[in-house]
Structures are given as C-alpha cells and as structure tokens.
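Observations on chain architecture
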Amino acid sequence: MKNKMLLLTRTLLKNGEGFGIKGMKNKVSKVLFALMLIIILPGLVVMFSFFVNSAYSALAVIGQEGVIISWGIAITSTVILLFGIFYIAASFYFSRDVEVLLYLPLKPRQIVGAKFLTAAIFEYIITAAVFLPAVIVYGIRSAVGIVFYLYSFVVFVFIPVVPLCLASVLVMILMRFTNASKHKDTFSIIGGTLALLLGMGINIVMQRFIVNINLQELEALITKGENTLALLTSGIFPTARWAVSALLDTATAAGFLNLLLYAAASAAVYIFLLFLGEKVYIKGVVGLSESVSKRNKQNKAEERDKFLKKHSALRTYTMLELKLLFRTPIYFLNCVIVNFIWPVLLLIYMVMGTEGADMQGMVKQLIINTDNAGTIFLFGIAMFAFVAGFNGTVSTSISREGQELFVKKYIPVSYRTQILAKVLSGFILSIAGAVFMLIAATAVFKLPLYISLLILVAGWMGTLLISFFEILLDLYNPKLDWDSEQKAVKQNMNVVYSMVISSIVGGLTIYAAAQFSPGIITAALSAVLIYGGLNVLVYFLLCKKGVERFKQLEG
Amino acid sequence: MIELIDVSKTYGGTVKAVDNLNLTIPGGEIFGFLGPNGAGKTTTIKMITGILNADSGTIKVNGVDIKTDPVKVKKQIGFVPDSPNMFLRLKGIEYLGFMADMYDVSSKDRTEIIDDLAKKFGMEDVLNDRIQSYSHGMRQKIVLMGSLLHDPSVWILDEPMTGLDPRSSFILKEMMRKRADSEKTVFFSTHVLDVAEKICDKVAIINKGRILFCGTLDEMRNSSMKDESLEKLFLELTENEE
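Residues numbered from 1 in each chain as written. Chains lettered and ligands numbered in written order. Predicted model: local features only at pLDDT ≥ 70, side-chain atom pairs only at ≥ 80, totals over all residues. Heavy atoms only, no water.

This paragraph deals with the overall build of chain B. Across its full length, chain B holds 9 helices and 10 strands. Taken against the 2.2 N^0.38 rule, which gives 18 Å for 242 residues, the C-alpha radius of gyration of chain B at 18 Å falls within 12% of a compact globule. Dimensions of chain B along its principal axes, counting C-alpha atoms only, are 50 × 40 × 35 Å. With 242 residues in all, chain B has 56% of them scored as buried. In chain B, once contacts between residues fewer than 6 apart in sequence are set aside, the share between residues at least 24 apart is 67%. As presented, chain B carries roughly 9,700 Å² of accessible surface, and 48% of it is formed by carbon and sulfur atoms. With 31 positive and 37 negative side-chain charges, chain B shows a separation of 4 Å between the mean positions of the two kinds. (Helix = DSSP H or I, 4+ residues; strand = E, 2+ residues; numbered from the N terminus. Rg over C-alpha atoms; globule rule 2.2 N^0.38 Å. Buried < 20%, exposed > 50% of the residue type's maximum accessible area, 1.4 Å probe, protein only. Contact = heavy atoms within 4.5 Å. Areas by Shrake-Rupley, 256 points an atom, 1.4 Å probe, with all protein chains shown as cover. Lys, Arg positive; Asp, Glu negative; His and termini not counted. Charge placed at Lys NZ, Arg CZ, Asp CG, Glu CD.)

Turning our eyes to something else, we now look at the nonpolar core. Of all hydrophobic cores here, the largest spans 94 residues; its most connected members are Tyr410(A), Tyr95(B), Met123(B), Ile142(B), Met145(B), Met176(B) and Phe187(B). Top element by residues in this core is helix α3 (residues 92-102) of chain B. It accounts for 7 residues. Ignoring any residue separated from it by four or fewer positions in sequence, one finds Phe187(B) in contact with Ile2(B), Leu23(B), Ile25(B), Phe31(B), Phe33(B), Ile45(B), Ile48(B), Trp155(B), Ile156(B) and Leu157(B). Core analysis: the second largest hydrophobic core is formed by 70 residues, Ala167(A), Ala246(A), Leu276(A) and Val280(A) among them. (Core = buried A, V, L, I, M, F, W, Y, C linked by side-chain atoms within 4.5 Å.)

Attention now moves to the packing of helix α20 (residues 449-476) of chain A against helix α22 (residues 493-516) of chain A. All names here are of chain A. At a minimum axis distance of 10 Å, the contact between α20 and α22 shows a crossing angle of 145°. Considering only the axes of α20 and α22, their crossing is right-handed. On the side of α20, the interface is formed by Leu465, Ile466, Phe469, Glu470, Leu473 and Asp474, while α22 contributes Asn494, Tyr497, Ser498, Ile501, Ser502 and Val505. Along the lines of polarity and charge, the residues of the contact of α20 with α22 split into 7 nonpolar, 3 polar and 2 charged. (Axes fitted to C-alpha atoms, helices over the stretch in contact; angles between N-to-C directions. Left-handed = near helix turned anticlockwise from the far one by under 90°. Nonpolar A, V, L, I, M, F, W, Y, C, P; charged D, E, K, R; others polar.)

Attention now goes to the side chain of Thr43(B). For Thr43(B), the position within the fold is in helix α1 (residues 41-49). In contact with Thr43(B), not counting residues within four places along its chain, are Lys9(B), Tyr11(B), Ala17(B), Val18(B) and Leu52(B).

Quick look at the confidence of the model for chain A now. Residues and elements named next belong to chain A. Considering every residue of chain A, the mean pLDDT works out to 80; 79% of them sit at 70 or more. Looking across chain A, the model is least confident in helix α10 (residues 228-236), with a mean pLDDT of 53, and most confident in helix α18 (residues 405-410), with 95. Long-range and interchain partners of residues 18-26, a stretch whose pLDDT sits below 50, account for 15 contacts in this model, where long-range means more than four residues apart. Overall, residues 225-229 carries pLDDT values under 50, and its contacts beyond four positions in sequence, including any with other chains, amount to 9 contacts. (pLDDT = per-residue confidence, 0-100.)

Where interface size is quoted, it is often the accessible area lost as the parts come together. The interface is formed by 43 residues belonging to chain B together with 41 residues belonging to chain A. In total, about 3,900 Å² of surface goes out of reach between chain B and chain A, with carbon and sulfur atoms giving 56% of it. Here chain B is connected to chain A by 4 salt bridges. Between Glu94(B) and Lys323(A) there is a salt bridge; the shortest N-O distance is 3.2 Å. Counting across the interface, chain B meets chain A through 14 residue pairs in polar contact (both at pLDDT 80 or more). Those elements that provide at least two residues to the side of chain B that touches chain A are α2 (70-76), α3 and α4 (107-121) of chain B. Element by element, the count of residues in the side of chain B that touches chain A is highest for α3(B), at 8 residues. (Buried area = accessible area lost by both parts, 1.4 Å probe. Salt bridge = Lys/Arg side-chain N within 4 Å of Asp/Glu carboxyl O. Polar contact = N/O pair within 3.5 Å; in protein donor to acceptor, adjacent residues only side chain to side chain.)

With that out of the way, let us pick up the pattern of salt bridges. Residues and elements named next belong to chain A. Summed over all chains, the structure comprises 20 salt bridges over all chains. For the salt bridge of Arg400 with Glu321, the shortest nitrogen-to-oxygen distance reads 3.3 Å. Here the residue Arg400 occupies a position in the loop between α17 (373-390) and α18, and Glu321 occupies one in helix α14 (residues 313-327), the gap between them amounting to 79 residues. Note on Arg400: relative accessible area 10%, which makes it buried.

Moving on to the side chain of Ser147(B). Note on placement: Ser147(B) falls in helix α5 (residues 136-148). Dropping the residues within four chain positions of it, Ser147(B) is found in contact with Gly78(B), Phe79(B), Val80(B), Pro152(B) and Trp155(B).

A word on the packing of aromatic side chains. Residue and element names in this part refer to chain A. If you walk through the whole model with that rule in mind, you get 20 aromatic pairs over all chains. Both rings, one in Tyr151 and one in Phe256, keep their centres 6.4 Å apart while their planes meet at 40°; by these two values the pair is tilted. Linking Tyr151 in helix α6 (residues 146-158) with Phe256 in helix α12 (residues 253-285), this pair joins segments that are 105 residues apart in sequence. A residue is classified by how much of its surface remains accessible, and Tyr151, at 9% relative accessible area, is buried. (Phe/Tyr/Trp six-rings, centres within 6.5 Å; stacked < 30°, edge-to-face > 60°.)

So, about α1(B). For α1(B), the tally of buried residues reaches 7 of 9 residues, placing the bulk of the element in the interior. Here α1(B) has its buried residues at Lys41(B), Thr43(B), Thr44(B), Ile45(B), Met47(B), Ile48(B) and Thr49(B).

What follows covers the sheet that holds strand β8 (residues 185-190) of chain B. Residues and elements named next belong to chain B. With mixed pairing, 6 strands are arranged side by side in an open sheet as β6-β7-β8-β3-β9-β10. Where the open sheet ends on each side, the last strands, each with one partner, are β6 (77-80) and β10 (210-215). Within the sheet, the average angular offset between the axes of one strand and its neighbour, ignoring direction, is 15°. Each of β3 (30-34), β6, β7 (154-158), β8 and β9 (202-207) is contacted by α1, which is oriented at about 145° to β7, the strand it contacts most. (Pairing = 2+ DSSP bridges.)

Let us now look at the pairing of β9(B). Where a strand is regular, its side chains alternate between the two sheet faces. Residues and elements named next belong to chain B. Most of β9 sits out of view: 5 of its 6 residues are buried. Of the strand pairs in this sheet, β3 and β9 are connected by 4 bridges, and their pairing is parallel. By the bridge assignment for β9, Gly32 is matched with Val203. As defined by bridge partners, β9 adjoins β10 across 5 bridges and the pair is classed as antiparallel. Paired with Ile206 across the two strands is Ile211, which belongs to β10. Between β9 and the antiparallel strand that follows it, β10, lie 2 residues; Lys208 among them carries a positive phi value of about 50°.

This is the structure we're talking about:
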C-alpha cells in the first residue's frame, strides 16, 4: 500500500502538481520559476526577519521573546490552513487527473495520501517563508544551542501536517455532504474572498502588534494572557502548543517529550485523514464530472419569461458584462472584490497605528475648519478617480473577450454601443466601490453631510473620465491571446497603466486643492467644468478613435 | 443573396488567405462551401459576417455593402461559428435572451421561436442550465437556436454538423432545406462531402484562397466529363492544384 502511495506521489510531483511546472513548456518560464525560488523566497524570509527582529526587541524588554516562536507557528499554521483549503479542493477534487486516478486500481486512502503529500511539499515554501524568520531571529538573538535548530527542523517538517489535514477534512466533508464539488466557480469565489479577508485580517493584526508596537499596550496584552492570535491558533491547532514548548525548552527532557508528542500527534492526525479519506473521498468525487443541472420542468415557464423579456441592447450587453464579472472567479476577485478592498485597506491605514492616527487627526483638523470644505471636496473627487483606476474592470474589458471577441464582431450592435456597455459595467462597479468608501470616510472622519453629498453628486465625473481612458487603453493594447482567464486580468499591464493614469488625474486634483485651497463653490464649479469638459472631450475621442479601433480589432 | 467581388485578405502581410475571390450566393438554394483545411473557407465566412475586414474588394448582403452599413448587414445574417464553446458561464436561456436583445427580437417572437426550436432539438429541459454543463452537441444546438431567433434572410453556418447526433443533424438539414425553399439564402461550409452531395443545390470549391469551381454537382460532373462521386471530383480538383 505504502509503495503505491509513494509511487503516486512521485508521479503527481513529476506531472507538475504543486508547482504548475506542467504548464511551463518553455525554458523562460522555468527560469522565471527558478528565479522566484532563488530570489523571492529568500527575499520574503529576509523581509519577515526584519519584522520579527523589531518585534523581538520590543518583546525582549518585557522578557516575552518566546512569543516570537508561538507567533511563528501560529501564523504559519493559519496561512497553511488558509491556502490549504483552496489548494486541497483544487487538487483533490477539481484537478483533471482525478478522473484518471479513479479507474486505476488504487484505494481511496492511497489517492488521498499521495495528493496530501504533494500538497504538503508545496506548503513547505510557505512554511519556509513564515516560520524560518522566527526560528532564525529567535535563534540568533537568544544565542541558543544546536538542539534548538535540530528541534526546529523536526517542527518544520511537521508544521504543515495538522493545518493541512484540517483543511483536507473540512474540504472532504464539504464535498461529501454538500454539492460544492459541482459548483467549482462558487467554491473558488467564496474561497478566494475568504482568503482575501483573512489575509487582510492577518495584515491588520501584524500592523497592530508588530509594526506599530506600543510597549505598554503589548505588556498589558501579554500579562493579561496570550495574545489573541496565538490563543486562537492554539485553539484551532492544539498540537502547536507542544511544538512551542519543545522549542522554548530545549534543555530538559520535558522539551524532548513535547517534541515527541508533537510528532506523534501530527502522525496520528495524518492517519486519521487516511482513514477518513477511505470512507468519504470517493463518494464526494464520483460524479464530479457530471454536469450540474436541475433538468426539471418546474418553474421553467417563469424562469424562461424572466430571460425572454425584451430589453435594449445596451442594457442587456451591460448586464452580460456584469454577470460574467460576478460568475468568473478570477474576474470576481480582481475586478469586483478589489473595488472594495482598496478603499478598506486605505481606510485601515488611515485609522490604525501611529501614522494612521496622525493622518486621521490631520484630516479631522482639516474638516473642522469650514474654509477647507473646497479642498475636502476635491479630495473626494480624486478618490472617485482613484477607485476607478485601481480595479481592472474597464481596463481589461476588451482583453477579457479573448478568443470570443469574434462574437462581438458579428452581432448587429454598433461598436459605439458595445464600448459604452463595457464602460458602463465598469462604471457601475467603480461607483459602488467609491460610494462604499465615501460612506466609510464620512463615518470615520465625521465628514459634514453636505460635503459628502456634493462629492457623491460630482464624483461620478471622475469615475467616468478614468473609465473612458481605460477603455481607450484596452482598445489600443488588448491582450486577447490567452488560455486562462488569469492571464486576461492578472498578467495584463493595462491594469497597471490605468492605475498610473488615475493616480495622475487624482494627484493633479489633490495638488490643485492643496495649492489653491478653493472655497466650496469655486471647487465644485471648477471640478464640474474641468472634469465635465474632459469627459465630453474624451467621449468624442472614444466615439471616433475608439470605435475605429474596435472595427480594426480582429481577435 | 451574398455577393463577393474581388475580395482579398492577407494575414501578417504575407500569407494570402483569400485571393481575389468572386462569388455570388443566391437566395432559394442551399450553397455548400468546400475545401481542404486552410483553404480560406472560414476566412471568407468571417469577412461576410463582419468578423474580419477584407483588405480589398466588396462584400454585399442583400445588396447592402458591409463596409457602408455593417449593422444593417449583420441584422440580416444568422451565423453559426465553427466552435460553439462560448458564453459557457451563461445559462442556455440567458444566451438566447442576450442574442434576442442583440438582434432586436420582440418578446413574443422570441418566446415562440425558442419554444419551437427547443422542442425540435430536444433542449427544453436544459435551457435553465449553464452552457458549461452542455455536451458539445448541445452547445452546437444552442448556438444554432441563437442564430435563428431573428428569422434571418441569410443563414451562414461554419461546419454545422460537427458533434450533432443523427436526429439533430437530420433536423438541421431539414431546416436548411425549408429556409432555402422559402427563398432565403443558406450558405454553409463543410468537410463532409456526403452531406454536401446530398443536400446542396450548388457548391463552391475553394483552395489556397481561390475558387476552383462553382456550380451544381451536375455541372461539375459535366465539366470533368466523369460520372463520379463528389469525393472523387473534389480530390481530383484539389490535387491538381498541389
């Protein structure tokens, strides 16, 4: 049994599972991948080491430097769990090789075991990036002996096991008892959003506890007990406590015993996983390739009538764009969710930490003085432009067509209408993001309501202007030749260019506001005049040059 | 009616895909467009439908030049592309609704046509499913349905039989005949010579971007003075070109 499992593990690894080397046909990609391993990974280790080092200095003052180790293990485990859920679902259920493995004479536990091992190997990259800095900093600063490093190595080997097993168990149960396996897109969308949110959560915690460390706060926190993250983590991963105890107590037999306990517990969890895999894996995976369909006639007429009501081409086309943005996981994460993430991140930055507090104080100071109403208003308009530029919706709207562009060439809808529909779909999303930010900013900075309303009334001009620029950009420089949706939005320079454009437009607005400190009426009038004028100008350019360009595009 | 007058198209400045092509496809006939792989069939069809721009020459559909009024031309065409793998994340009914709005079809007309076609192709129960879940043949059928929503006077099909089950393929052939009989234009490309032989009133054979023959099968037999199958005539014609 064991042989077959290891054999399968080796084959899966050779087949590129884990690193996606399979898809790397040319040397360049392989070299880039190698470079990533050689440069980016050590880069990450060094970067985290600096963080950890500053945390160590602060913690050492109160004699709590051991927290570094528990944090190291806690964060590593959390990140592995997080990535693991995604990765395990993709590898156990959505991977193309699953169907092939099903008809081979393999036991379910052998497939689960092999797939788990390949996933674990991938997780060592994460482990190295997050856990190693903790070990290195703690090891050097505490001047520990060789035993610490030996123990660390053992812990390193076992770290991914428990969180990854947990991820596997969660995913297997989910797939067995729900029909998530048949809704790959939904799973990816929810998983991706959760990952982003958790990533942000970790970011916030790091900011709070590490970057802007406040000694008294920290002391209070530690004397109160463990910090929340470590506590939470040891709640989810109870075995982590043994690892921490082993690493902090390398001199006594108790430390060694803890290490043994940790290794044994990890092995036990792994064996439990194999047992569970034998019971539930196949049931979840069989029928995966069946198409999702209700195939019933219930509500057929109602449903049909809903879709068969006649609407204008512009409305239907815009709705199509939005539907595809929401239904395609990669687009949803990069175009829709991003819209709301940027504003949140910016606000978090502004309200948290000492720099944030300074900034917040400054903004509040600005707001109190009614003379600054015009300046604040222009800041708001600039924000609307920023939000539009920082999501890749309009700037990839032609690129996202890819090989399907030909359909848009033969339908009897003018290129002008099509371009406007693409602009409109992105505009709707950007406005939603900007309004979301405006509401948050109004609450955080106690913006006077009339200014917020004024920003709302005039801000759309900034959004529209950037959207016009973005569609022109994508019309002239579309990325149509792609084989995975990822490439259409993530590896598309137009997204970066549009960020630059919106930064220039928004930056100039802010510069003007700071330079001239106009009154609210002057600011509103000039914004409407300048943004409105530019919009009209770019619109005409779009109708002429943009339409001409769309005509020339031949997918 | 479709008219192509001195139409040429070159890819990348060097590869001449279509070379000074002249072709008239009248209404009331099923017109087959035959040729080996890479002969220029799809390029020609893409130029007629407005997907590609011709480098030179004139293309008219029912007398309207595609260059001067592309939207008017496109409205008269129902097009079935060679690959039906599109809009996979839409439900079948959503795709049809989208196409109906693009071609400006009234609510009443689209409901009637969809009901009729869905029944004919056995698609009634799957219209509420995502196209992603369809088999190749079902995808082909949904695209076929989408191409007929506006009852086009010109029906252009690129390799339409691929992936269809015998029943659907029979229905398709019947539909082509019915449309031709009502004086509409039916123009399709195919590799399957048996199909062409059985249902085409006229064929054009294209190779290396040029028309080698255009006429009825009898005319082809007469010109070669051999009473042979279309397959043999086709092979002889295209081989002589090599």
